[in-house]
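Here is what each chain is made of, one letter per residue.
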Amino acid sequence: MLPGGAAKIDIRGAGTFANNNPLYIIDGMYSDATPDFNPSDIESIQILKDASAAAIYGSRAANGVIIITTKKGKSGPLVLSGSIKAGVQAVHKRYDMMDVNEYRALATSLYQAGGLTVPTSLSTEFDPAINTNWQKEFLRTGAVGEYNLSLSGAIKKVNFYISGNHFSNKGPVIDNSFSRSGLRINTNTKFGRFTIGQNVLFSWTNEDPIANAGVGVNPFVDMISMPPVVPLKGSRYISPENPEGWGIGLNNAYLSTLTANVPALQRLDQFEQRNFKIRGNAFLDFRIAKGLIYRFNFGLEKTVDKGEGTRSPGTVRQGTPSPNNNQPASFRSRGEFKSTLFEHTVNYDETFGNHKISAVAGISLQRFDNPIFRYTTIGTNPTSEDPYTEKSNFIGILGRVNYSYKEKYLTSLTFRRDGSSKFSKNYRWGNFPSASVAWRISKENFWKVNAVNDLKLRASYGSLGNSEFLNAWMYYAQINPFPKAVFGPNEVEQLGAIVTKLANSDLRWERKNTTNIGLEAAFLNSLFTLSADYFIAKTKDVLIDLPINLTTGNAGGNPAVNAASLRNNGFELALTYRPKTAKDFKWDATLNFTTIRNKVIAFGNQSTKYTQVGDARTQLGRSIGEWYVLKTDGIFQSQAEIDAYKGKTGQVLQPWSKPGDIRYIDVDNDGVIDLDKDRYYAGTPWAKWESGLLLNFNYKNFSLNMQWYAVVGNKLYNRPRYTVDRMDQNTNFRKGATFWTPQNPSTEWPRAAIGAPDQGIQFNVLPQSDRWLENGSYLRLRNLEVAYTFNKNQLKRIGFNECRVFLSGQNLLTITKYKGLDPDITGVNIFERGLDNGQYPALRIISAGVRFGL
Amino acid sequence: MKKIIKFCLATTLMVSVSSCKKYLDLDIANPNRVDESNFWKTGADALKGINAVYGNFYRNGSPGSRWTPFYFDIRSDDGYSTSPWNELRSVGALNITQYSFEVNYDTWWHHWRGVYRANQVLANVPAITMDETLKKQYIGEAKFLRAVYYYNLVTIWGNIPLILQPSKPDDKPSQVPQEQVWAQIEKDLTEAAEALPTSYTGDEIGRATKGAAYGLLGRAYLQQKKYQQAVTALQWLITGPGQALYDLVPNFADNFKHTTENNKESVFEIQFKMRPENGGDDGPTSNVGTSRAPFFAPPGHGFSDANMQRWVVQEFLKEQTATGERDPRLAATALYDSTDERGPDFTIVYGSTFTSKNYDNNFKNRVWYHKYLDDYFRINQFEVFNSPINFRLIRFSDVLLMYAEALNASGQTAAAYPYIDRVRQRAGMKTLTVAMPGLTQAQFQKQLEHERIVELTGESLRWNDLARWGYFDDAAKLAELKARDAEFNNFIIGRNKYMPIPQTEIDINPNLKQNPKW
């Protein structure tokens, strides 16, 4: 997770191609996962996975709902509490790269193998004193600090909760930081039949992100691939475009490399993103009659994002001339986001003897307004801007009835009708019904199984709409006003306008229908508790920007389309063991187990059975984004082996190969090695199963908590390794890397040469090969916490009510065969879920803190 | 207290009622952009539409920008790539394995973008009520531009779809026989030639003309070896009504500078301009220059991703001018140690001498393509992606040489002499009539091949010349190329004449078949 970044949470697998984030409802206001939240303010978190339960929240709830309720003041004495936490964080793993002498030896022989002159940086001008460890130059040990103070209570009839929070994070990469300050005020009060209240959060964040500017620059790849013979800075590198002399490829006999100097980029590109946000709601409850309440809820979220950056003169990569390389440039952007919510609901809650009824009906109106402005100034050139405003409206009409009899039979019916301005007139509205039933069988008189003290069976069906993927007006083609043409001796720029991005006019609601059956049980006087669920979720008309053919001439991104239908079916199990133990020592354990299969069951209106992004193919009947690559089969050790390697028609399959080259399988057995038809499904990025284990131990005042997590059976594509192992370009190499020669035969490392002079070497470095796939299974200790809670008696003497000190560590231990920095990959997009493209790895964080209350 | 509550209630009610209408509306007007259904209504819309087709020339993969020279020049026997970017080098080395890498992807894509834009104009402009003369002109321009793109598509990739209507997102076209594409190119250009004006004035100069359409039509016929039709088409510019419009400029090098653009020798130029910003695709700060030069400039001024084979220099030295001087076209064509014949101490590279560059062994014997470099005004500077030099897509000397080739091939060798003579005379060479009278048809063709090298090298014509002259289909002729350019050892007959179609296209469109043997 990036400093200040939002967590990636999938509730029950990828149901949709697009945004899999659940809906957050914070004090009744709909929101996205945001980094502005102060965890100390949370009173309760409720996660709704079941479609029927989530149904009331409508169209944005299809990926599940996380309901967060913040703390409220209570009548009684004032409570002051606070906490302080400080720690360190870092990318804990490094690629083990060569030092300058090892690199020099291998690179020299690679240049020679390619028939090229060895660069003088490796020969006559070699300087062993330059031995740059680029990972060390780019990464550092970061720090986190968090401070909270809150006051709650009641003054007369007004309950209040006020909290202030500051979080600061010095990132684990140079020139990278994040900070957040927040102020929360929650109040509520009662007047006769009225209850009114409000919750509001003011939040300020400030981020200095990792610079990622420029084509072909990827910080977490470049930090390993930059040769150690390049210094961070050097007088040799000074030029008008590069006044400070940052070390880069020079494209001359001394040195040529296309790798970027990312520490330089990080310093030259100073960008700061500032955000101010107000989020909150105000509500009014009016008790019309007994059990009947009208509620008006008004919600508002308003943010102002300001980005400001400067690019100092300097070149960070060979061959990137640009008018702004030798003059400072500045960038500014401003975005405003406003979301308002009006909800009118009538709630009814009543018990008649053994019958309990609750019902709600209402309407929910939501409006989004999001203008964005951008400015760029290069040198003294004028500012240019392209303002763009996003606007959309949602209407939800909702109704729900819950009925239970003796807490034994429970049933719920929900209906929702949703309208969205993101669709064209004919497709705006959708109806989404849900229902659930449950039977607490252990309450039946005939239930005589003593070992099972509680047993509840439940089943539900729910239908939910989703349009989250869409932006406003995607259902029609817009005229791009920017193409221009130059004519005449005065080079007049005449205006042009035309459709550049295609659109699908028949976009409609994505619909997720989920069937769930499950049980909850408690055994042996609740020594064990068990919750088990089996679900089938079918997502119809999934909205996504499916790649379309370039022959369409489309530009500016792929148009949104109702591309396909998916099925996720899975099994979830949670088992808790809470033994009855001696008074001083308590412990419990919870084991979670999840297995989910996803499958493409239809391809919408598309006249196709598959689509492909990069090296991952999504085919009807298979799961999303399976690896579709060439099949390697070891390395030819001799010419005789190459000559003997024949197809079914008897001809030599790889006539271009030389000893040391990779043998590819003729998958379709047509007698030719073909870059298209000899690909095969080489594995899926989806885990076969995932499991978590939570352990809590308490001894007197001490506690120890552990959270283990395991992912098993997925395949990842390691692109950083591809970049340094291909060895046809001047990069650094992994320690121990070598290449095949007759004197140094290998079964792991094929023949290689910088410059790739022949077809055999071109084939050895093919990216679309299973050579780059790795097992992504891992076992990780995600969290470990040791804490000590002081006795109340001890505290009273110093005026404290509560005090707890703790020491915690995240990601302290990972057991995996994956060679990259972090196997916990969520990919660059849903189609390439298992692609390690040099993403920000999970960080190790060690922190200590204290929490207290007065 | 009750008053406060009443006030709160009333306010709430008012707010919700007044806001209701705004909130219940699911039809929100787009304040940013015009919707397609409100466009193509007026003559002004039609003008903007056709301008946007020209606007596609400013993309990297479009004709005259950075990538097409790799296909037409560097792939040919006069060029080779030394790029540290393996995939880019493999285009020139004829052993590409990454069919979807950026260059092949963008070149394919940006050509189809041009086709899509021209198709939009052709589908929508005819129905607009507007000035009929202008309407006819815009339609003619769109047909010409569509033919420009299809000419490159069919010669680079060979087996391509033929798309003539505005695209829909789920189009999955199949390939058509090449003759069908050529027939469409001929039809579009014939109609464009009929519709287009002979010339423009002022701020309209640079739009497609009748002469441009005939020039490209002649080129298309010649490439198909339809010699008689080629003669007829090209005649319009040489002896027909276009005669007064076109001539050779006295100074050969003026054809490759921004200071002498749209001159008499220009039949069609892609208009470039240097802007301070060079933003990406169709945005407010989009580049309207060409990004070609940095890839071709020598170290210190560009990436030197591609070089000219040294044999080309020898080709120039085979014959001196009538007054015993070196062919002046050599200096304009090749930048190397002896661009100035007095040698490296006098040869100027971006403002300073070749000697002062202290090039090491890697570089000092290299030859760089000189045409379209900004070296004459970016003194001691690095090339930038926004060069203002117009790309001469069709030059009158090419028209003359094509005309001579077509006449000779259709058996009129004697009649072909004067047109080669015109080109030679401008360079100060003796006329062929004097130097080599009475050549046979085959000898004349051989000589014409030489003339095209010394006149046109580096202008993205060589690959199709070689294809037309049969070098790619015959092992003996291919051996000549191998002798001149070792990269041709990777050339496989039946494969390398065409580039592979980007794999990503085939991966999502089962109707597309990869070119043979790729």
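Placed above this text is the structure.
J.: Help me understand the overall build of chain A in this model?
T.: Of the regular secondary structure elements, chain A holds nine helices and 39 strands. Taken over C-alpha atoms, the radius of gyration comes to 31 Å for chain A, in line with the 29 Å a tight globule of 854 residues would show. Projected onto the principal axes, the alpha-carbon positions of chain A cover approximately 90 × 70 × 65 Å. Put simply, chain A has 854 residues, and 41% of those count as buried. In chain A, the share of contacts with a sequence separation of at least 24, taken over all contacts with a separation of at least 6, comes to 71%.

J.: What exactly am I supposed to notice about the overall build of chain B here?
T.: Check the secondary structure of chain B and you find 20 helices and eight strands. By the compact-globule yardstick of 24 Å for 518 residues, chain B fits well, its C-alpha radius of gyration being 26 Å. Projected onto its principal axes, the C-alpha positions of chain B cover 110 × 55 × 50 Å. Looking at chain B as a whole, 53% of its 518 residues are labelled buried. Look at the contacts in chain B between residues 6 or more apart in sequence, and 67% of them connect residues 24 or more apart.

J.: Please explain the pairing of strand 26 (residues 610-613) of chain A as it appears in this structure.
T.: Along a regular strand, successive side chains alternate from one face of the sheet to the other. Residue and element names in this part refer to chain A. Taken together, the four bridges between strand 26 and strand 27 (residues 616-619) define a ladder with antiparallel strand orientation. Bridge assignment links V613 to a residue of strand 27, and that residue is A616. Linking strand 26 to strand 27, which pair antiparallel, is a turn of two residues; within it G614 sits at a positive phi near 60°.

J.: Is there a simple way to explain the packing of helix 7 (residues 178-195) of chain B against helix 8 (residues 210-223) of chain B in this structure?
T.: Helices that pack against each other are described as a pair by the angle of their axes relative to one another and the distance between those axes. All names here are of chain B. Following both chains from N to C, one finds helix 7 and helix 8 inclined at 155°, their axes separated by 8 Å at the closest point. What the angle tells us is that helix 7 and helix 8 run roughly antiparallel. As helix 7 runs across helix 8, the sense of the crossing is left-handed. Contacts between helix 7 and helix 8 involve W182, I185, E186, L189, T190, A192 and A193 from the first element and K210, A213, Y214, L216, L217 and A220 from the second.

J.: It is not clear to me how the interface of chain A and chain B should be interpreted in this structure. Could you clarify?
T.: Interfaces are often described in size by the accessible area the parts lose on coming together. Across the boundary between the two partners, chain A contributes 90 residues, which contact 90 residues of chain B. With six residues, strand 14 (residues 388-405) of chain A is the largest single contributor of residues to the side of chain A that touches chain B. Taken together, the residues that form the side of chain A that touches chain B break down as 41 nonpolar, 39 polar and ten charged.

J.: Can you help me understand the environment of A438 of chain A in this one?
T.: Residues and elements named next belong to chain A. Mapped onto the fold, A438 is located in strand 16 (residues 429-440). Sequence-wise, A438 and F368 are 70 residues apart; in three dimensions their C-alpha atoms are separated by 38 Å. Apart from the residues within four sequence positions on either side, A438 is in contact with L410, K456, L457 and R458.

J.: Can you walk me through helix 8 of chain B in this structure?
T.: Since one α-helical turn is 3.6 residues long, residues separated by three or four positions face the same way. All names here are of chain B. Taking 1.5 Å as the rise per residue, helix 8 with 14 residues should run 20 Å; its terminal C-alpha atoms sit 20 Å apart, in good agreement. A large share of helix 8 lies buried, amounting to 13 of its 14 residues. Two residues or fewer after helix 8 comes K225, characterised by a positive phi angle close to 60°.

J.: Any chance you could explain the sheet that holds strand 27 of chain A here in plain terms?
T.: Think of a sheet as strands paired side by side through backbone hydrogen bonds, with each pair either parallel or antiparallel. All names here are of chain A. Overall, antiparallel pairing links the four strands, which are arranged 26-27-28-31 in an open sheet. Lying at the two open borders of the sheet, with one neighbouring strand each, are strand 26 and strand 31 (679-683). The mean inter-strand angle of the sheet, taken between neighbouring strand axes irrespective of direction, is 40°. One ladder, built from four bridges, connects strand 28 (residues 626-630) with strand 31; its direction is antiparallel. Bridge pairing in strand 31 links Y628 to Y681.

J.: What am I meant to see in the environment of A213 of chain B here?
T.: All names here are of chain B. Considering the arrangement of structural elements, one finds A213 in helix 8. Considering only alpha carbons, one finds A213 and R33, 180 residues apart in sequence, at a separation of 34 Å. Excluding its chain neighbours within four sequence positions, the residues that come into contact with A213 are F144, L189, A192, A193, L196 and A208.

J.: Looking at this model, I keep getting lost on unusual backbone geometry. Mind explaining?
T.: Among all residues except glycine, the phi angle is most often negative; among peptide bonds, the trans geometry is most common. Although it is not a glycine, M727 of chain A adopts a positive phi angle of roughly 60°. For M727 of chain A, the location among the structural elements is in the loop between helix 7 (719-725) and helix 8 (759-764). Residue Y372 of chain B is not a glycine yet carries a positive backbone phi of 70°. Take Y372 of chain B: it is sitting in the loop between strand 7 (368-369) and strand 8 (391-395).

J.: Please explain the nonpolar core as it appears in this structure.
T.: Side chains of nonpolar character tend, in soluble globular proteins, to be buried together. Of all hydrophobic cores here, the largest spans 235 residues; its most connected members are F144, L189, A213, L216, L234, V399 and Y403 of chain B. At 13 residues, the largest contribution of residues to this core is made by helix 6 (residues 132-156) of chain B. Each residue touching Y403 of chain B, except ones within four places of it in the same chain, is listed here: V231, L234, I238 and Y419 of chain B. With nine residues, the next largest nonpolar core counts I25, I26, Y30 and L48 of chain A among its residues.

Cut-offs applied
- Residues numbered from 1 in each chain as written.
- Chains lettered and ligands numbered in written order.
- Predicted model: local features only at pLDDT ≥ 70, side-chain atom pairs only at ≥ 80, totals over all residues.
- Helix = DSSP H or I, 4+ residues; strand = E, 2+ residues; numbered from the N terminus.
- Rg over C-alpha atoms; globule rule 2.2 N^0.38 Å.
- Buried ≥ 20, exposed ≤ 12 C-beta atoms within 10 Å, placed from the backbone.
- Contact = placed C-beta atoms within 7 Å.
- Pairing = 2+ DSSP bridges.
- Axes fitted to C-alpha atoms, helices over the stretch in contact; angles between N-to-C directions.
- Parallel < 35°, antiparallel > 145°, perpendicular 65-115°, else oblique.
- Left-handed = near helix turned anticlockwise from the far one by under 90°.
- Nonpolar A, V, L, I, M, F, W, Y, C, P; charged D, E, K, R; others polar.
- Expected span 1.5 Å × (residues − 1).
- Core = buried A, V, L, I, M, F, W, Y, C linked by C-beta atoms within 7 Å.

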